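# Fold and contact review
Listed below, chain by chain, are the residues.
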Amino acid sequence: MTNVTEFTAEGGCTCRAVRYRLTSKPMFVHCCHCSWCQRETGTAFALNAMIEADRVELLSGAPEAVNTPSNSGKGQKISRCPTCRVAVWSNYAGAGDAVRFVRVGTLDQPSRLPPDVHIFTSTKQPWVALPVGTPAFEEFYRRSEVWPAESLARREALLNR
Ligand SMILES: [Zn+2]
Ligand SMILES: [Zn+2]
């Protein structure tokens, strides 16, 4: 695997008005099987790469933040291309604007960021078979037990900024 600081990846929306670059590896990648993510994506799960907002460089376009209800009740802001409306990332109330949940499927090469964890598997579609060796949780999990130390430190640094 590429070193955290050597990793970069580009992505964008379908009409290509919005283009962005991740300037490092994300802290962690969630594959969320909750029913909210299923509805928002129209499919079986969401794939979100959590990364510091300042490590997402906007190359072109101006994503528009759309306030959207969330499972927590606190809402989320889904950033969408103003033209084709494809969602490129979202921000949740928990971590606020400091952490972006980048939609992995909008990367030019989504296969570079496979899930680090599967969550809310209690509502997973029955035909989705989870890979052996990737942690999976019926609901959520304790970050301190699952995230690598380096990613925990990055998150800590953000919250204490
Ligand atoms: Zn677009
Ligand atoms: Zn979810």
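Rules and cut-offs
Residue numbers restart at each chain and count upward from 1, following the sequence in its written direction. As they are written, the chains are lettered A onward and the ligands numbered 1 onward, keeping that order. For a predicted model such as this one, the threshold for reporting local features is a pLDDT of at least 70, and the threshold for listing and counting side-chain atom pairs is 80 or more; totals across whole chains, interfaces and linings nevertheless cover every residue. Side-chain numbers here rest on the full set of heavy atoms in the structure, without hydrogens or water. Sites may look incomplete, because water is not among the atoms used; the donor set itself consists of N, O and S atoms within 2.8 Å of the metal (3.2 Å for Na, K and Ca). A four-donor site is called tetrahedral if each angle lies between 85 and 135 degrees; a four-donor site is square planar, and a six-donor site octahedral, when trans pairs exceed 155 degrees and the remaining angles lie between 65 and 115; all other cases are labelled irregular. The way it works is that DSSP assigns letters per residue, a run of H or I at least four long becomes a helix, a run of E at least two long becomes a strand, and they are numbered from the N terminus. Exposure categories follow from relative accessible area, calculated using a 1.4 Å probe and restricted to protein chains: below 20% of the type maximum is buried, above 50% is exposed, and the middle band is partly exposed. The definitions used throughout rest on a 1 Å grid laid over the protein atoms alone, on which a cavity is an enclosed set of points accommodating a 1.4 Å probe that cannot get out and a pocket is an open set flanked by protein within 12 Å on both sides along at least five of seven lines; lining residues are those having an atom within 4 Å of a point. Grid points are joined across faces, edges and corners, and a volume is the space filled by probe spheres set on the points. Here the rule is simple: two strands pair whenever DSSP picks up at least two bridges between them. To obtain an axis, a line is fitted to C-alpha atoms, over the contacting stretch when the element is a helix, and the angle between two such axes runs from 0 to 180 degrees between their N-to-C directions.

## A few points about the coordination of the zinc ion (ligand 1)
Around the zinc ion (ligand 1), the protein contributes the donor atoms Cys13 (SG), Cys15 (SG), Cys81 (SG) and Cys84 (SG), which lie 2.3 Å from the metal centre. Every donor counted, the four donor atoms about the zinc ion (ligand 1) form angles of 105 to 115° at the centre, which fits tetrahedral coordination. Read N to C, the donor residues that coordinate the zinc ion (ligand 1) are spaced as C-x1-C-x65-C-x2-C. Within this pair, whereas Cys13 is found in the loop between β1 (9-12) and β2 (19-22), its partner Cys81 is found in the loop between β7 (76-80) and β8 (87-92), the two being separated by 68 residues in sequence. With a relative accessible area of 0%, Cys81 lands in the buried category.

## Topic: the coordination of the zinc ion (ligand 2)
Coordination of the zinc ion (ligand 2) by the protein is provided by Cys32 (SG), Cys34 (SG) and Cys37 (SG), with metal-donor distances spanning 2.1 to 2.3 Å. Spacing between the donor residues of the zinc ion (ligand 2) along their common chain follows C-x1-C-x2-C. Each member of the pair Cys32 and Cys37 is classed as buried.

## Things to note about the layout of surface pockets
There is about 600 Å³ of room inside the largest pocket. Going through the elements one at a time, β3 (28-32), α1 (35-41), β4 (46-52) and β9 (99-103) are the ones with two or more residues in the lining of the largest pocket. The biggest single contributor to the lining of the largest pocket is α1, with three residues.

## With respect to the sheet that holds strand β6 (residues 64-68)
The sheet built from seven strands is open, its strands ordered β6-β7-β8-β9-β4-β3-β10 with mixed pairing. The two strands at the open ends of the sheet, each matched to only one other strand, are β6 and β10 (117-119). Looking at each pair of strands side by side, their axes are set apart by 30° on average, direction ignored. By the bridge criterion, five bridges tie β3 to β4 in an arrangement that is antiparallel. Paired with Cys31 across the strands is Leu47, a residue of β4.

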